[in-house]
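A closer look at the structure
Letter by letter, the chains look like this.
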Amino acid sequence: MWLALRNLNHDRVRFLVTIVGIAFAVFLMIFQGSLLVGFLRSSSKPIDLTDADLWIAARGIEAFEFAPPLPERFYDMVTGVEGVEAVHRMTVGFTFYLKPSGMQQSVLMVGAEPGIGSRFPIPYADPGHSSASPQAILVDRSNAPALHLDAVPAAVEISARRARVVEIIDGFGSFFGTPFVFAGYSDAVRYLRWPGDATVFMTVRVRPEHDVREVQRALQDKLPEVDVRTRDEFSRRVRLFWIRKTGAGGAILLVAILGFLVGLVIVSQNIYATTMEHLEEFATLKAIGARPWYIQKVVLTQALVCGSIGSALGFAALLPLLDPIRRTISWIYTPWWLPVGMIFVGLVMCVLACVASIRTALAVEPARVFRA
């Protein structure tokens, strides 16, 4: 242990460069991981916040934002299936919001019936949540500046119809540039101006005494034209769409991997250079009978000390930046397990980086120390 620390202290500049490289890699991995987790969480949040057991959507739909409407007759067919306790309708579509300046802003209108979920944002008209407030809409705080909302309530115009922003909510920042606007189901249908059928999704709550999978199969048999999925299945499908089909999630993940590789290269070079500089010491250790595991421990300790200090600094550097970043990227999310996991990944990176150094240290000949 002391030998490893003395080796690192011998060349403090190289030690500092190694720590900075690890800190940068861990910082980048945590930041990109937060972007990826927040991106996926935001993409499926309207699905995850409902109390539904099952979701019904048009066949082949992979994204919440880009779904066509369902025939209205399906609603009555779904309510007649045994085991169905409640069915709630939802409509989703793009429309235009008129700013006070006269410019139009594209928004994603989301409207749902009361009862779809206690956490789902609906402008309720009464404390009992039995009906939605007419012409009322909700807007996320991160989108308020783009929509020129300085205070609420505020009278606005959506799709050439009157609306009233009654509350600014948090946690629904747009991850693809188009603000979310939430309303009651009837108002959303009116704002979207659907020419015919307006229901885009139906959420189903199953009776407690019935099995969700059995009700799912019954609904799928009765409505073969649609997809019937559990909430978790639909949420996972939406997340996979944004990762695989758009490339956005993949790009974020790629940068995180690049951060790992950058750190790996920096640590490998510096640990290897430190090992080469102290080859005579390792030769001396072998000459006096030191076992291979001792030499391995010395090199590994050097890597882990660098990794521990660098990982801690990388995490500490990110902490004060989280709030300013959230003000710019509202949907970024850093769960507690992400920094812990990335610090562990940083240590693994250091262990991998010292493999070549260990091989070199073990291969040195004891006779090297006796050469002139």
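This text goes with the structure placed above it.
Residues numbered from 1 in each chain as written. Predicted model: local features only at pLDDT ≥ 70, side-chain atom pairs only at ≥ 80, totals over all residues. Heavy atoms only, no water.

Description of the overall build of the protein
How we decide: Secondary structure elements follow DSSP: runs of H or I of four or more residues count as helices, runs of E of two or more count as strands, with numbering from the N terminus. Summary of the burial criterion: residues with accessible area below 20% of their type's maximum are buried, those above 50% are exposed, and those between are partly exposed, where the area comes from a 1.4 Å probe applied to protein chains only. Throughout, a residue-residue contact means that at least one pair of heavy atoms, one from each residue, lies within 4.5 Å. Counted as positive: Lys and Arg. Counted as negative: Asp and Glu. His and the chain ends are not counted at all. By convention, the point assigned to a charge is CZ for Arg, NZ for Lys, CD for Glu and CG for Asp.
The secondary structure content of the protein amounts to 13 helices and nine strands. With respect to the three principal axes, the spread of C-alpha positions in the protein is 95 × 50 × 35 Å. Counting the 372 residues in the protein, one finds 48% classified as buried. Contacts in the protein between residues far apart in sequence, at least 24 positions, make up 79% of those at least 6 positions apart. When the 36 positive and 32 negative side-chain charges of the protein are each reduced to one mean point, those points stand 8 Å apart.

Here's the deal with helix α12 (residues 337–353)
The following threshold applies: One less than the residue count of a helix, multiplied by 1.5 Å, gives the span that helix is expected to have. Throughout, the arc means that of the directions going from the helix axis to the C-beta atoms.
A rise of 1.5 Å per residue sets the reference length of α12, with its 17 residues, at 24 Å; its end C-alpha atoms lie 24 Å apart and thus fit the reference within 8%. Restricting attention to buried positions, one finds in α12 the residues Leu338, Pro339, Met342, Gly346, Met349, Cys350 and Ala353. For α12, the buried positions fall inside an angular range of 120° around the axis, keeping them on one side. In α12, the exposed positions angled more than 90 degrees off the buried face are occupied by Val340 and Phe344.

Structural notes on the environment of Gly83
Relative to the elements of secondary structure, Gly83 occurs in the loop between α4 (73–79) and β2 (84–98). When the C-alpha positions of Gly83 and Val206 are compared, they lie 5.8 Å apart, and in sequence the two are 123 residues distant. Dropping the residues within four chain positions of it, Gly83 is found in contact with Arg205, Val206, Arg207, His210 and Val215.

Observations concerning the side chain of Thr199
Considering the arrangement of structural elements, one finds Thr199 in the loop between α5 (185–192) and β8 (201–206). By relative accessible area, Thr199 is classed as buried at 2%. When residues no more than four places from it in sequence are discounted, the contact partners of Thr199 are Pro69, Leu70, Glu72, Arg89, Met90 and Tyr185.

Overview of the pairing of strand β3 (residues 104–112)
In plain terms, the rule: Strand pairing follows a simple DSSP-based rule, namely that at least 2 bridges must link the two strands.
Of all nine residues in β3, seven are buried; the element is thus mostly enclosed. By the bridge criterion, nine bridges tie β2 to β3 in an arrangement that is antiparallel. Of the residues in β3, the one forming a bridge with Val92 is Val110. Here β3 runs beside strand β7 (residues 180–184); their pairing, made up of five bridges, is parallel. From the neighbouring strand, Gly111 faces β7, where its bridge partner is Ala183.

A word on helix α7 (residues 231–245)
Compared with the 21 Å implied by 1.5 Å per residue over 15 residues, the 21 Å span of α7 between its first and last C-alpha is a close match. Those residues of α7 that fall on the buried side of the exposure criterion are Phe234, Ser235, Val238, Phe241 and Trp242. Looking down the long axis of α7, one finds its buried residues gathered within 115° of arc, a one-sided arrangement. Exposed and oriented more than 90 degrees from the buried face of α7 are Asp232 and Arg244.

Notes on the nonpolar core
Quick reminder of the rule: Residues enter a nonpolar core if they are buried and are Ala, Val, Leu, Ile, Met, Phe, Trp, Tyr or Cys, with the set joined through side-chain atoms within 4.5 Å.
Ranked by internal contacts, the top residues of the largest apolar core, which has 76 residues, are Ile56, Met90, Val110, Phe201 and Leu219. Top contributing element to this core by residue count: helix α2 (residues 12–43), with ten residues. Ignoring any residue separated from it by four or fewer positions in sequence, one finds Ile56 in contact with Leu70, Val78, Val200, Phe201, Met202, Val204, Leu219, Val226, Asp227 and Val228. In terms of nonpolar packing, the next biggest core, distinct from the first, is built from 19 residues, Val107, Ala154, Ile168 and Leu192 among them.

A look at a nonpolar patch on the surface
Convention followed: Exposure above 30% relative accessible area and no salt bridge define the residues that can form patches, which grow by joining like charges within 9 Å and nonpolar side chains of Val, Leu, Ile, Met, Phe, Trp and Tyr within 5 Å. Residue burial considers only the protein chains on display, and all accessible areas are found by Shrake-Rupley using a 1.4 Å probe. For salt bridges, the criterion is a side-chain nitrogen of Lys or Arg within 4 Å of an Asp or Glu carboxyl oxygen.
Taken together, the side chains of Leu253, Leu254, Ile257, Leu258 and Leu261 present a nonpolar region at the surface, about 430 Å² in accessible area. Here Leu253 lies in helix α8 (residues 248–277). Note on Leu253: relative accessible area 39%, which makes it partly exposed.

Re the packing of α2 against helix α10 (residues 292–318)
Under the convention used in this document: To get an axis, fit a line to the C-alpha atoms, keeping to the stretch in contact for a helix; angles then go from 0 to 180 degrees between the N-to-C directions. Any angle that is under 35 degrees is reported as roughly parallel, and any over 145 degrees as roughly antiparallel; angles of 65 to 115 degrees are reported as roughly perpendicular and all others as oblique. If you view the pair so one helix is near and one far, a crossing is left-handed when the near helix is turned anticlockwise from the far one by less than a right angle, and right-handed when it is turned clockwise. In the scheme used here, Gly and all other residues not listed as nonpolar or charged are polar, with Ala, Val, Leu, Ile, Met, Phe, Trp, Tyr, Cys and Pro taken as nonpolar and Asp, Glu, Lys and Arg as charged.
Across the interface, α2 lies against α10 with an axial gap of 7 Å and an inter-helix angle of 50°. In terms of orientation, α2 and α10 fall into the oblique class. Crossing hand, α2 versus α10: right-handed. Listed contacts from α10 to Phe15, Thr18, Ile19, Ile22, Ala23, Val26, Phe27, Ile30 and Phe31 of α2 are Val305, Cys306, Gly307, Ile309, Gly310, Ser311, Leu313, Gly314, Phe315, Ala317 and Leu318. Classifying every residue of the contact of α2 with α10 gives 15 nonpolar, five polar and no charged.

Regarding the packing of aromatic side chains
Just so we agree on the cut-off: Centre distance within 6.5 Å is the pairing criterion for rings of Phe, Tyr and Trp, where only the six-membered ring of Trp is used; planes under 30 degrees apart are then read as stacked, over 60 as edge-to-face, and the remainder as tilted. Cation placement over rings: the criterion is NZ of Lys or CZ of Arg within 6 Å of the ring centroid and within 35° of the ring normal.
Counted according to the given criterion, the structure contains 16 aromatic pairs. When the ring of Phe180 is compared with that of Phe182, the centres are 6.1 Å apart and the planes differ by 10°; the resulting orientation is stacked. What makes Phe182 buried here is its relative accessible area of 0%. In this structure an aromatic cluster arises from ring pairing among Phe39, Phe66, Phe94, Phe175, Phe241, Trp242 and Trp331. Lying over the aromatic face of Tyr333, Arg41 brings its terminal NZ or CZ to 4.0 Å of the ring centre. Stacked on the ring of Phe172, the Lys or Arg Lys45 has its end atom at 5.0 Å from the ring centre.

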